[in-house]
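Per-entry structural report
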Amino acid sequence: MTSRRTDAASAAAAPAAGQTPHIAEAVVPVLRTGHGAAHAKSILLGEHAVVYGAPAIAIPIHELETIATVTAATGRGTLDSDLYTGPLDAAPERLRPVLTALLAASARIRGAEPDDRGTPIDPRLIPAVDLQIRSTIPHERGLGSSAAVAAAIARAVHDAAERPLDSDALFSLIQTSERAAHGNPSGIDARTVTSPVPIRFDRGEAVQITLGSPLILTVADTGSSGSTTQAVGGVRARREQAPRETDALLNRLAQIAEGAIADLESGAVESVGARMREAHGILHRVGVSSDRLDAIVDAAHRAESPGAKLTGGGLGGCVIAVARDTAHADALGHAMRRAGAQHTWTVEVPAE
């Protein structure tokens, strides 16, 4: 059944004369209940160097995912999520990326261009749908939570409207939401949360990497939020103060990431771990680690991980550690929790 606005409602939703239209001007044409999902991600190597145009390697984490469900609302649209439950038009500002994702997907279905300029969202223009979000991806931990939510919403809206959604359009919709969340996202999260395999990300372009053998990791949550904005700003300030030294460190991070591709393709997991160990040392030197991150990394190394490091922006968030098998991954998780991690997960990135 197609949900339609009455003429009065349509008139109320129309922008005033001279006012720039917002993302959505009509309700999503919900034909059925729509479902969408996306998984978490982790940057294996190359964070912070990627900010300056260097390549990075990112992996999908299928064990953690976000699921979105969209249905036609009988009255005001509602949002049901872990962060907020209530009317869509009363959602707090921190959920602007969620509303932006919903409105951007609606705009695409109508053939309109999304508006991601950060202008206030007019409550009258929010689609009359009930949106449910369920996620096992921890929020603000550098695992791509906001990008995964945007991807799941975009897929759910298109599923509800029985409209196709290709990978480039999906990427664009995620980036629209990510700009509301982060200002100027690189695109690595948007590419990885929808990729079934690891990728080499460079200046907005993603190339798939085929693993020679499975990569088994333990992911540990420090329990504290990372701040990508603060971390990137800190590295920028350090680069302004000591350009030669900082550039040398960032160049080495780029070399480590580029060199790891051959190791991943040949299945040289021990070599990948050694590169991760070196990368964490560099990230510590540029000031984006923390005492808790270092303690968890050290615990993984004492538990005989070939290599562990922070992942993402740093100053909090998560640690990833290479395991030799799933039993070793469990042992690493135990050691990392004893060192202060609040949660750990065993992740397997399969070989093709």
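Preceding this paragraph is the structure being described.
Let us look at the structure shown here. Fair warning: this is a prediction, and the values are worked out from it, not measured in the lab. (Residues numbered from 1 in each chain as written. Predicted model: local features only at pLDDT ≥ 70, side-chain atom pairs only at ≥ 80, totals over all residues. Heavy atoms only, no water.)

With that settled, consider the pattern of salt bridges. One pass over the full model with this rule turns up 15 salt bridges. Note that Lys41 is salt-bridged to Asp189, the shortest N-O span being 3.0 Å. Of the two residues, Lys41 is situated in strand β1 (residues 34–45) and Asp189 in helix α5 (residues 188–192); the sequence distance between them amounts to 148 residues. Across this residue pair, the class does not change: Lys41 and Asp189 are buried. Glu258 is the partner of Arg200 in a salt bridge, and the nearest nitrogen-oxygen pair spans 2.8 Å. (Salt bridge = Lys/Arg side-chain N within 4 Å of Asp/Glu carboxyl O. Helix = DSSP H or I, 4+ residues; strand = E, 2+ residues; numbered from the N terminus. Buried < 20%, exposed > 50% of the residue type's maximum accessible area, 1.4 Å probe, protein only.)

As a further point, take the environment of Val232. Mapped onto the fold, Val232 is located in helix α6 (residues 228–241). Judged by relative accessible area, which is 15%, Val232 ranks as buried. With 82 residues separating them along the chain, Val232 and Gly314 place their C-alpha atoms 9.1 Å apart. Discounting chain neighbours no more than four positions away, the residues touching Val232 are His48 and Val51. (Contact = heavy atoms within 4.5 Å.)

Pairing within the open sheet is antiparallel, and its 4 strands lie in the order β9-β10-β8-β11. Looking at strand neighbours, the two that pair on one side only are β9 (308–311) and β11 (343–349), the edges of this open sheet. When strand polarity is set aside, the average angle formed by the axes of neighbouring strands in this sheet is 25 degrees. Note: strand β8 (residues 215–221) against β11, 7 bridges, orientation antiparallel. Bridging from a neighbouring strand, Ile216 pairs with Glu348 of β11. Its contacts with the sheet place helix α9 (residues 291–302) against β8, β9 and β10 (318–323), and it is angled at close to 150 degrees to β9. (Pairing = 2+ DSSP bridges. Axes fitted to C-alpha atoms, helices over the stretch in contact; angles between N-to-C directions.)

Bringing α6 into the picture now. Relative to the 20 Å expected for 14 residues at 1.5 Å per residue, α6 spans 20 Å between its end C-alpha atoms, a close match to the ideal helical length. Listed in full, the buried residues belonging to α6 are Ala231, Val232 and Val235. Buried residues in α6, looked at end-on, bunch into an arc of 95 degrees, giving them a common side. Exposed residues lying more than 90 degrees from the buried face of α6 are Thr229, Gln230, Glu240 and Gln241. For α6, the secondary structure elements touched by its buried residues are α7 (243–266). (Expected span 1.5 Å × (residues − 1). Arc of directions from axis to C-beta.)

Turning our attention to the pairing of strand β5 (residues 129–135). Where strand β2 (residues 56–72) lies against β5, 7 bridges are found, and the strand directions are antiparallel. Paired with Ala68 across the bridge in β5 is Ile133. Here strand β3 (residues 78–80) runs beside β5; their pairing, made up of 3 bridges, is parallel. Each bridged residue has a counterpart across the sheet, and for Leu79 the counterpart in β5 is Leu131.

Just geometry here; none of it tells us what the structure is for.
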